[in-house]
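# Fold and geometry: a report
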Amino acid sequence: MTKPGEVRIIGGVWRRSKLPVLNLPGLRPSGDRLRETLFNWLPHDLSGWRVLDAFAGSGALGLEAASRGATVHLVEREPKAAASLKQVIARLQGASDRVTLIVGDGFAALAGRWDLVLIDPPFEANGFAKALSAAAGAGWIYLEAPAAFEPPAGYRLHRHLKAGAVHAHLFARDN
């Protein structure tokens, strides 16, 4: 059972590991249902995938991907959240081999080449269109937002789910 200030990893090698959720403005970790749905939409084994969690917060999305074999870069600009993520990475066995923490701007990191980009910024920041545009080099883009979004140019909507106030989108690069 998780407490109100924590979420758990739901699959992979770190299944059932608890992640602290700090009480910080704008921090809204992806719930179990959304993460389970996303990772059901993707291949079960993400070994060899390069994943960017651009607005890591609690790290729930990125660490879920790492738990399933991906090499993950977590980007978090809030110092307290970044410090918490550093502790989590140190605690999870083998995490330091496949998880890199970057304290900085998630928008800047989106410009790289990634197999999967996870975009779940604070909803009040309203940087969804900017983030989608910046992530245009990724193979897959996952977006959580308070409204439905159209795919960016060069992508198609692969899956969409509305859960409460959250719209979850998985965009696939057009071939």
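Residues numbered from 1 in each chain as written. Predicted model: local features only at pLDDT ≥ 70, side-chain atom pairs only at ≥ 80, totals over all residues. Heavy atoms only, no water.

### Thoughts on the packing of aromatic side chains
Counting across every chain of the model gives two aromatic pairs. For the ring pair Phe 55 and Phe 107, a centre distance of 5.1 Å and an interplane angle of 70° mean the geometry is edge-to-face. Taken together, the positions of Phe 55 in the loop between strand E3 (50–53) and helix H2 (60–67) and Phe 107 in helix H5 (residues 106–109) put the pair 52 residues apart, joining distant regions of the chain. The interplanar angle of 55° and the centroid separation of 5.6 Å between the aromatic rings of Phe 128 and Phe 149 together place this pair among those described as tilted. Here the residue Phe 128 occupies a position in helix H6 (residues 128–134), and Phe 149 occupies one in the loop between strand E7 (140–145) and strand E8 (155–163), the gap between them amounting to 21 residues. Judged by relative accessible area, which is 2%, Phe 128 ranks as buried. Classification of Phe 149 by relative accessible area gives partly exposed; the value is 24%. The residue whose ring lies beneath Arg 50 is Trp 114, and the NZ or CZ to ring-centre distance is 4.5 Å. Lying over the aromatic face of Phe 107, Lys 130 brings its terminal NZ or CZ to 4.3 Å of the ring centre. (Phe/Tyr/Trp six-rings, centres within 6.5 Å; stacked < 30°, edge-to-face > 60°. Helix = DSSP H or I, 4+ residues; strand = E, 2+ residues; numbered from the N terminus. Buried < 20%, exposed > 50% of the residue type's maximum accessible area, 1.4 Å probe, protein only. Lys NZ or Arg CZ within 6 Å of the ring centre and 35° of its normal.)

### Things to note about helix H3 (residues 79–91)
With 13 residues, H3 should reach 18 Å at 1.5 Å per residue; the first-to-last C-alpha distance of 19 Å fits that figure. Along H3, the residues classified as buried are Ala 81, Ala 82, Ser 84, Leu 85, Val 88 and Ile 89. The buried residues of H3 occupy an angular sector of 160° when projected down its axis, which confines them to one face. Those residues of H3 that are exposed and angled more than 90 degrees off the buried face are Pro 79, Lys 80, Lys 86, Gln 87 and Ala 90. Residues of H3 that are buried in the fold lie against strand E2 (18–20), H2, strand E4 (71–76), helix H4 (95–98) and strand E5 (99–103). (Expected span 1.5 Å × (residues − 1). Arc of directions from axis to C-beta. Contact = heavy atoms within 4.5 Å.)

### Points about the pairing of E7
Among the six residues in E7, five count as buried, and that is most of the element. Here strand E6 (residues 116–119) runs beside E7; their pairing, made up of four bridges, is parallel. Considered in E7, the bridge of Ile 119 is made with Leu 143. For the segment spanning E6, H6 and E7, crossover handedness is right-handed. As defined by bridge partners, E7 adjoins strand E9 (residues 166–173) across six bridges and the pair is classed as antiparallel. Looking at the pairing, Leu 143 lines up with His 169 of E9. (Pairing = 2+ DSSP bridges. Right-handed = clockwise from strand over helix to strand, strands pointing away.)

### Looking at H2
Extensive coverage of H2 is indicated by the burial of eight of its eight residues. Listed as buried for H2 are Ala 60, Leu 61, Gly 62, Leu 63, Glu 64, Ala 65, Ala 66 and Ser 67. Downstream of H2 by one or two residues, Gly 69 has phi in the positive range, about 105°.

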